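The primary structure of each chain is shown beneath.
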Amino acid sequence: MRFRRPIIACIASLLSLPVSAQESSFLPTLKGSWTGVGTVVTRIGAKPINVTCKFDMSGGRTAFSMDGTCRGLLVVQRKISATLQESGNGYRGTYTGPSGQPSTLSGRQSGNRINLSVRWARVINGDRTANMTIESRGAGSLRLQTVDKDPSTGKTVVTSSINLNR
């Protein structure tokens, strides 16, 4: 009976660890140089553009930054960057896409992905909101994806999907 209390207390303390402590081990796995390909839709209804991207990602247990470029149509190249900082039980940060205007990010980690809400700096596809995921897809593989709503149908549309490898 004397041994039960310490065991129960130990289990209770492990279960009460904050989510951010579990999440913080995810950000360091993103560190490094990444290259890959994917598609980008400049506006809903337009034909997807094939892109080739290169990113350098850095950070530690509670912060992350990403700088890179994506090239499409052989001649068009755009800088892309993002920063995330642990905030409470989730993340907050900024994303600067092809427009060059910083947009705000906020969200949480769920398993092997970070799900983020994006608040665009200007109206895009009829509103200023979208969703972005950063998903680890196993050893040395990562997917960056943005999903928006079609203003005419209300259906979700993948507006960018980029698969990266180390």
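The following paragraphs examine the structure supplied in this document. (Residues numbered from 1 in each chain as written. Predicted model: local features only at pLDDT ≥ 70, side-chain atom pairs only at ≥ 80, totals over all residues. Heavy atoms only, no water.)

**With respect to the state of the cysteines**
- Counting across every chain of the model gives one disulfide.
- For Cys53, the disulfide goes to Cys70, at an S-S distance of 2.1 Å. The sign of the 110° torsion about the S-S bond sets the Cys53-Cys70 disulfide as right-handed. One end of the pair, Cys53, is in strand β2 (residues 49–59); the other, Cys70, is in strand β3 (residues 63–72), and 17 residues separate them in sequence. The pair formed by Cys53 and Cys70 is uniform in burial state, with each residue classed as buried. (Disulfide = S-S within 2.5 Å. Helix = DSSP H or I, 4+ residues; strand = E, 2+ residues; numbered from the N terminus. Buried < 20%, exposed > 50% of the residue type's maximum accessible area, 1.4 Å probe, protein only.)

**A word on the pairing of strand β6 (residues 102–110)**
- Note: strand β5 (residues 90–96) against β6, six bridges, orientation antiparallel. Across the sheet, the residue bridging to Gly93 is Leu105, located in β6.
- Once β5 ends, the chain turns through five residues before running back antiparallel as β6, passing Gly100 with a positive phi of about 85°. (Pairing = 2+ DSSP bridges.)

**A word on the packing of aromatic side chains**
- A complete count under the given rule lists one aromatic pair for this structure.
- Relative to Trp120, the ring of Tyr95 lies with its centre 6.1 Å away and its plane at 65°, an arrangement referred to as edge-to-face. Highlighted residues: Tyr95 in strand β5 and Trp120 in strand β7 (residues 113–124), separated in sequence by 25 residues.
- Residue classification places Trp120 among the buried positions, given a relative accessible area of 10%. (Phe/Tyr/Trp six-rings, centres within 6.5 Å; stacked < 30°, edge-to-face > 60°.)

**Thoughts on the pairing of strand β9 (residues 141–149)**
- Within β9, seven of the nine residues are buried, leaving the element largely enclosed by the surrounding structure.
- Where strand β8 (residues 127–136) and β9 come together, six bridges link them in antiparallel fashion. Bridge assignment links Ser136 to a residue of β9, and that residue is Leu142.
- Here β8 folds back onto β9, and the loop between the two strands holds four residues, one of which, Gly138, carries a positive phi near 105°.
- Across nine bridges, β9 lies against strand β10 (residues 156–165) in antiparallel orientation. From the neighbouring strand, Leu142 faces β10, where its bridge partner is Leu164.

**Points about the sheet that holds β5**
- Read around the closed barrel, the 10 strands follow the order β1-β2-β3-β4-β5-β6-β7-β8-β9-β10; overall the barrel is antiparallel. Here the strands of the sheet are splayed against their neighbours by 25° on average, with no regard to which way each runs. (Axes fitted to C-alpha atoms, helices over the stretch in contact; angles between N-to-C directions.)

**Here's the deal with the environment of Pro102**
- Looking at where Pro102 falls in the secondary structure, it is placed in strand β6.
- Spatially, the C-alpha atoms of Pro102 and Arg122 are 9.5 Å apart, while their sequence positions differ by 20 residues.
- For Pro102, the residues in contact, after removing those within four places along its chain, are Tyr95, Thr96 and Ala121. (Contact = heavy atoms within 4.5 Å.)

**Some details on a nonpolar patch on the surface**
- Judged by side-chain polarity, Leu73, Val75 and Val76 come together as a nonpolar surface patch covering roughly 290 Å² of accessible area.
- Topologically, Val76 is positioned in strand β4 (residues 76–87).
- Val76 sits in the partly exposed class, given a relative accessible area of 30%. (Patch = residues over 30% accessible without salt bridge, like charges linked within 9 Å, V, L, I, M, F, W, Y side chains within 5 Å. Areas by Shrake-Rupley, 256 points an atom, 1.4 Å probe, with all protein chains shown as cover. Salt bridge = Lys/Arg side-chain N within 4 Å of Asp/Glu carboxyl O.)

**A few points about the nonpolar core**
- Phe55, Met57 and Leu164 are the most contacted members of the largest nonpolar core, which has 28 residues in total.
- Counting residues per element, the ones that place at least two in this core are β2, β3, β4, β5, β7, β8, β9 and β10.
- With residues near it in sequence (within four places) discarded, Phe55 still touches Gly32, Ser33, Trp34, Met66, Asp67, Gly68, Cys70, Ile80, Leu144 and Leu164. (Core = buried A, V, L, I, M, F, W, Y, C linked by side-chain atoms within 4.5 Å.)

**Things to note about the side chain of Ser103**
- Residue position: Ser103 is located in strand β6.
- Residue classification places Ser103 among the buried positions, given a relative accessible area of 4%.
- Once residues lying within four places of it in the same chain are set aside, the contact partners of Ser103 are Gly93, Thr94, Tyr95, Val118, Arg119, Trp120 and Ala121.

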